[in-house]
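Spelled out from the first residue to the last, the chains are:
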Amino acid sequence: MPTPHNSAAHGEVAKTVLMPGDPLRAKFLAETYLEDVQQFNAVRNMLGYTGTYKGKKVSIMGSGMGMPSIGIYCHELFSQYGVEAIIRIGSCGAIREEVHIRDIIIAQGSCTDSNFAHQYELPGTFSAISSFDLLEKAVTLAKAKDVTYHVGNVIASDVFYHADQGSAAKWGSMGCLGVEMESYALFATAAHLNKKALTLLTVSDSLVTHEETTAEEREKTFTAMMEIALEIAE
Ligand code: HPA
């Protein structure tokens, strides 16, 4: 049934959805990696597609930036469309010295400066974690690829241009590997609705070393991340 944000009919979305932040990236990825592609959503230009990868039905849809945005789309996909697993495929900034641009981060857990979990009225702090099943599969696949990967915590922030320029370093000192803006809401929503979620990130910049990379080099890591996500999809 269509929602205010998604015009897909029931059955048009696969059991696993890959979610990049950028809807045009979702379009590019669907056209590049999937066969028999059908667009199921264009509401607010948040493009969503379903196709097949090696015979498996897979969907790819943009999440937008930030936790309110991914929170809306993942809630509807899980609760209205029978989606069982969402794999975020995004980018992040490195906040520890050993994490370099072009590396992949497989988010085991997610911290946040957001109040997203306040809605659950828990008597404490909710630790948002990925599905161990998906995490284990991702790590096994990453090992077989020619990429450097890290598994650990990340910080999902509500703020890109933070007034406290030292905030990322504080999270880094607690072992967080990278900063992005969506994983906590995805993991919390999946937990609330008893579904599976995973976040895979390519490191696009470093808040520690300020190193840079070429678009071509970034593409190689992105392809590896994408292949991992597509292989995991059930
Ligand atoms: N901050 C937050 N989100 C991000 C960043 C960053 O530096 N890089 C990519 N996504």
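Preceding block: the structure.
Residues numbered from 1 in each chain as written. Predicted model: local features only at pLDDT ≥ 70, side-chain atom pairs only at ≥ 80, totals over all residues. Heavy atoms only, no water.

Draft legend 1. How the structure looks around helix H6 (residues 215-232). For H6, with 18 residues, the first-to-last C-alpha span of 26 Å sits near the 26 Å given by 1.5 Å per residue. Listing the buried residues of H6 in full gives Thr221, Phe222, Ala224, Met225, Met226, Ile228, Ala229, Leu230 and Ile232. (Helix = DSSP H or I, 4+ residues; strand = E, 2+ residues; numbered from the N terminus. Expected span 1.5 Å × (residues − 1). Buried < 20%, exposed > 50% of the residue type's maximum accessible area, 1.4 Å probe, protein only.)

Draft legend 2. Looking closely at the site of the ligand. Taken together, Ser91, Cys92, Gly93, Phe160, Val179, Glu180, Met181, Ser204, Asp205 and Leu207 make up the full set of residues near the ligand. Within the backbone of Gly93, a nitrogen or oxygen atom sits 3.3 Å from a nitrogen atom of the ligand. Within the side chain of Asp205, a nitrogen or oxygen atom sits 3.0 Å from a nitrogen atom of the ligand. Residue assignment for the shell around the ligand shows that the elements contributing at least two residues are strand E5 (85-94), strand E9 (178-180) and strand E10 (196-206). Ranked by residues supplied to the shell around the ligand, first place goes to E5 with three residues. Partitioning the shell around the ligand into residue classes produces five nonpolar, three polar and two charged. (Near = heavy atom within 4 Å. Polar contact = N/O pair within 3.5 Å; in protein donor to acceptor, adjacent residues only side chain to side chain. Nonpolar A, V, L, I, M, F, W, Y, C, P; charged D, E, K, R; others polar.)

Draft legend 3. Representation of the packing of helix H1 (residues 23-33) against H6 in the model. Axis separation between H1 and H6 bottoms out at 13 Å; the angle between their running directions is 70°. Accordingly, the angle class assigned to the pair H1 and H6 is roughly perpendicular. Contacts between H1 and H6 involve Arg25, Leu29 and Tyr33 from the former and Glu219, Phe222, Thr223, Met226 and Leu230 from the latter. Classifying every residue of the contact of H1 with H6 gives five nonpolar, one polar and two charged. (Axes fitted to C-alpha atoms, helices over the stretch in contact; angles between N-to-C directions. Parallel < 35°, antiparallel > 145°, perpendicular 65-115°, else oblique. Contact = heavy atoms within 4.5 Å.)

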